[in-house]
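# Chains, contacts and geometry: an overview
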Amino acid sequence: MATIAEKKTGPISRNRLLGIAGLGWLFDAMDVGILAFVIAALHEDWGLTSSQMGWIGSVNSIGMAVGAFVFGIYADRVGRKKIFIITLLLFSIASGISAFATTLAAFMILRFFVGMGLGGELPVASTLVSESVPAKERGRVIVLLESFWAAGWLVAAVISYFIIPSFGWRVALLLTALPAVYALYLRINLPDSPQFSAKKDVLRSISTNIKDVWSEKYRRPTLMLWIVWFTVVFSYYGMFLWLPSVMVLKGFTLIKSFQYVLIMTLAQLPGYFSAAWLIERAGRKFVLVTYLIGTAISALAFGNADTITLLIVSGAFLSFFNLGAWGALYAYSPEQYPTVIRGTGTGMAAAFGRIGGVLGPLLVGTLLTAGANLNVIFGIFCVSILIGALAVAFLGKETKQLELE
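Below, the structure is looked at part by part. Just so it is clear, the model here is predicted, and its values are computed rather than measured.

## Side note on the overall build of the chain
From N to C terminus, the chain includes 19 helices and zero strands. A buried classification covers 61% of the 405 residues belonging to the chain. Sequence-distant contacts, at least 24 apart, represent 86% of the contacts inside the chain between residues at least 6 apart. Of the roughly 14,700 Å² of accessible surface on the chain, 70% is carried by carbon and sulfur atoms. Looking at the chain, you have 30 positive and 20 negative side-chain charges, and the mean spots of the two groups are 4 Å apart.

## Focus: the pattern of salt bridges
Tallied over the entire structure, the rule returns eight salt bridges. Where Arg-111 meets Asp-31, a salt bridge forms, and the shortest distance between an N and an O atom there is 2.5 Å. Linking Arg-111 in helix H5 (residues 104–130) with Asp-31 in helix H2 (residues 11–45), this pair joins segments that are 80 residues apart in sequence. According to the relative accessible area criterion, Arg-111 is buried, its value standing at 0%. Residue class for Asp-31 comes out buried when judged on its relative accessible area of 0%. Linking Arg-80 and Glu-131 is a salt bridge whose minimum nitrogen-to-oxygen distance equals 2.7 Å. Taken together, the residues span a long stretch of sequence, with Arg-80 in helix H4 (residues 80–98) and Glu-131 in the loop between H5 and helix H6 (135–162) at a distance of 51 residues.

## Regarding the side chain of Asn-209
Within the element layout of this structure, Asn-209 appears in helix H11 (residues 206–213). On the basis of relative accessible area, Asn-209 is assigned to the buried category, the value being 2%. Beyond its immediate chain neighbours, meaning those up to four positions away, Asn-209 contacts Asp-76, Arg-204, Val-340, Ile-341 and Thr-344.

## A closer look at the packing of helix H15 (residues 268–279) against helix H17 (residues 308–332)
Packed helix pairs are characterised by how far apart their axes lie and by the angle those axes make with each other. Contact geometry of H15 with H17 gives a least axis separation of 7 Å together with a crossing angle of 45°. Taken together, the axes of H15 and H17 are oblique relative to one another. Relative to H17, H15 is oriented so that their crossing is right-handed. Counting all contacts with H15, which are made through Gln-268, Pro-270, Gly-271, Tyr-272, Ser-274, Ala-275 and Ile-279, the residues of H17 involved are Ser-319, Phe-320, Leu-323, Gly-324, Trp-326, Gly-327, Ala-328 and Ala-331.

## Here's the deal with the packing of helix H3 (residues 50–78) against helix H18 (residues 339–369)
Contact pair H3 / H18: the axes reach a minimum separation of 7 Å and the direction vectors enclose 175°. Comparing their axes, H18 and H3 come out roughly antiparallel. The residue makeup of the contact of H3 with H18, split by class, is 17 nonpolar, 14 polar and three charged.

## Concerning empty space enclosed by the protein
Under the criterion given, the structure shown has two cavities of 30 Å³ or more. Empty space within the largest cavity amounts to approximately 60 Å³. Around the largest cavity, the lining residues are Leu-122, Glu-146, Trp-149, Tyr-236, Tyr-237, Tyr-272, Leu-323, Trp-326, Tyr-330 and Arg-354. Contributing elements (two or more residues each) for the lining of the largest cavity: H6, helix H12 (219–240) and H17. Here the lining of the largest cavity gets three residues from one element, more than from any other, and that element is H17.

## Points about the side chain of Thr-344
Among the secondary structure elements, Thr-344 is positioned in helix H18. In this view, Thr-344 contacts Gly-72, Ile-73, Asp-76, Asn-209, Ile-210 and Val-213; residues no more than four positions away in its chain are not counted.

## Examining the nonpolar core
Residues Trp-149, Trp-229 and Trp-326 are the most contacted members of the largest nonpolar core, which totals 130 residues. Among the elements that take part in this core, H2 stands out by supplying 20 residues, more than any other. The contacts of Trp-149, once residues within four sequence positions are left out, are Trp-25, Asp-28, Ala-29, Val-32, Leu-122, Tyr-236, Tyr-237, Gln-268, Tyr-272 and Leu-323. One finds Phe-71, Ile-83, Met-116 and Val-124 within the second-largest nonpolar core, a separate group that totals five residues.

## Quick look at the packing of aromatic side chains
Counted under the stated rule, the structure contains 26 aromatic pairs. Ring plane angle 85° and centroid distance 4.9 Å describe the contact between Tyr-236 and Tyr-237, whose orientation is recorded as edge-to-face. According to the relative accessible area criterion, Tyr-236 is buried, its value standing at 2%. Residue Tyr-237 is classed as buried on the basis of its relative accessible area of 2%. Following the ring pairs from residue to residue traces out a cluster consisting of Trp-25, Phe-37, Trp-153, Trp-229, Tyr-236, Tyr-237, Phe-240, Trp-326 and Tyr-330.

Cut-offs used in this document
Throughout, residues of each chain are indexed from 1 in the direction in which the sequence is written. In view of the model being predicted, local features appear only for residues whose pLDDT reaches at least 70, and side-chain atom pairs are presented and counted only at 80 or more, with totals across whole chains, interfaces and linings using the full set of residues. Side-chain figures throughout are based on the complete set of non-hydrogen atoms in the structure, without hydrogens or water. Where helices and strands are cited, they refer to DSSP runs of H or I of at least four residues and of E of at least two residues respectively, numbered from the N terminus. Think of it in three bands: with a 1.4 Å probe and only protein chains considered, a residue is buried below 20% of the maximum accessible area for its type, exposed above 50%, and partly exposed in between. Residue contacts are counted whenever heavy atoms from the two residues lie within 4.5 Å of one another. Per-residue accessibility takes into account occlusion by the displayed protein chains alone, with areas from the Shrake-Rupley method and a 1.4 Å probe. By the counting rule applied here, Lys and Arg register as positive and Asp and Glu as negative, while His and the ends of each chain are not counted. Where a charge sits is defined by one atom per residue type, namely NZ (Lys), CZ (Arg), CG (Asp) or CD (Glu). By definition, a salt bridge exists where a carboxyl oxygen of Asp or Glu is found within 4 Å of a side-chain nitrogen of Lys or Arg. Only the stretch in contact is used when a helix axis is fitted, and all axes are lines through C-alpha atoms; the angle between N-to-C directions ranges over 0 to 180 degrees. By the definition adopted for this analysis, an angle is roughly parallel if under 35 degrees, roughly antiparallel if over 145, roughly perpendicular if from 65 to 115, and oblique otherwise. Crossing handedness: left-handed means the near helix sits turned counterclockwise from the far one by under a right angle, and right-handed means the same turn made clockwise. Gly counts as polar in this scheme, as do all residues outside two lists: the nonpolar Ala, Val, Leu, Ile, Met, Phe, Trp, Tyr, Cys and Pro, and the charged Asp, Glu, Lys and Arg. Grid points spaced at 1 Å and placed over the protein atoms alone form the basis of the search, with a cavity being a set where a 1.4 Å probe fits but cannot get out and a pocket an open set showing protein on both sides within 12 Å along at least five of seven lines. Lining residues have an atom within 4 Å of a point. Grid points are joined across faces, edges and corners, and a volume is the space filled by probe spheres set on the points. What is meant by a nonpolar core is a set of buried Ala, Val, Leu, Ile, Met, Phe, Trp, Tyr and Cys residues, joined one to another through side-chain atoms within 4.5 Å. Each pair of aromatic rings taken from Phe, Tyr and Trp, with Trp reduced to its six-membered ring, is defined by centres within 6.5 Å and is described as stacked if the planes are under 30 degrees apart, edge-to-face if over 60, and tilted in the remaining cases.

Below you can see the structure in the form of structure tokens.
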């Protein structure tokens, strides 16, 4: 018997959905990626301290936490499509305006609103796509959706390498904001999730949805998701937002640092594609646990690397495993809940994770100011990621090819 997704979504529309959602995802990644390079440029341009640099990344994550929580909840009330469009508008407008900021305070306020849009869009996008494709290929499609993130980071690295040294960080930010208008045009014609449309007349209060996420039936998967989201986001933003700056701290010039990070970023794409290939064969838990362990080992190696070869190789493996794990996490999260609370559950997990995104960059800035070695900092991230892997291994259930309620 055909599922709702199979009746409503043929191969062409499925590819179109992936392209539309993926294009927006790419632009989001461009902005997050460009921020890592802009922070390094602002360090030289505005003379920022390590602590101030850390706060820029943390304010962005505070916005993402608020956005994931608020927009995730309302995605279950007004639909995935409407929230998709609202979050993109918020992100693109704030991102464009931030290019004209003249003070650190103004820049950080705008980054909060950029973060709100980003934080709301990502879990809602994965929920929409999850509900619009058949179970047999849902995981693969979600990981492929996530692969657009790597493409966005790659574009950000290219823009940073060629634009920032010659034309400045303001031009780079403008370039990352402009394409979002095209994604908005596409999303206006995007149909909402067929599963949400079938159940949109089921009126439930926001408080009921929040309570159900922590009800006895969903307590274990919710606890598991909150742990893994926190540890993954904490380590990701702590490490990747600081990568260009870490390379500068290791003695490389700004341009050389951008070049090396660009090389490391290339490894994200095979990380996604390998995870997409494995996720419908080996299952979500296997991919997530394996790639998280690979991330932990790579983080430890990167923090202790003392030659340029070791830095690039360990950095490439860090990109490969970490982004592959991200793809599996976005596929795994919406599958833990039924349609009526899927946006709320996924959004709340992502929101809690973003608290880790606040603490990660701040921790790096604080420890660097205190004179801590990089091997200690990356050792902390290694332990964090291993905790996330253990949570999935012992608390998670396999959801491969599970029909969504």
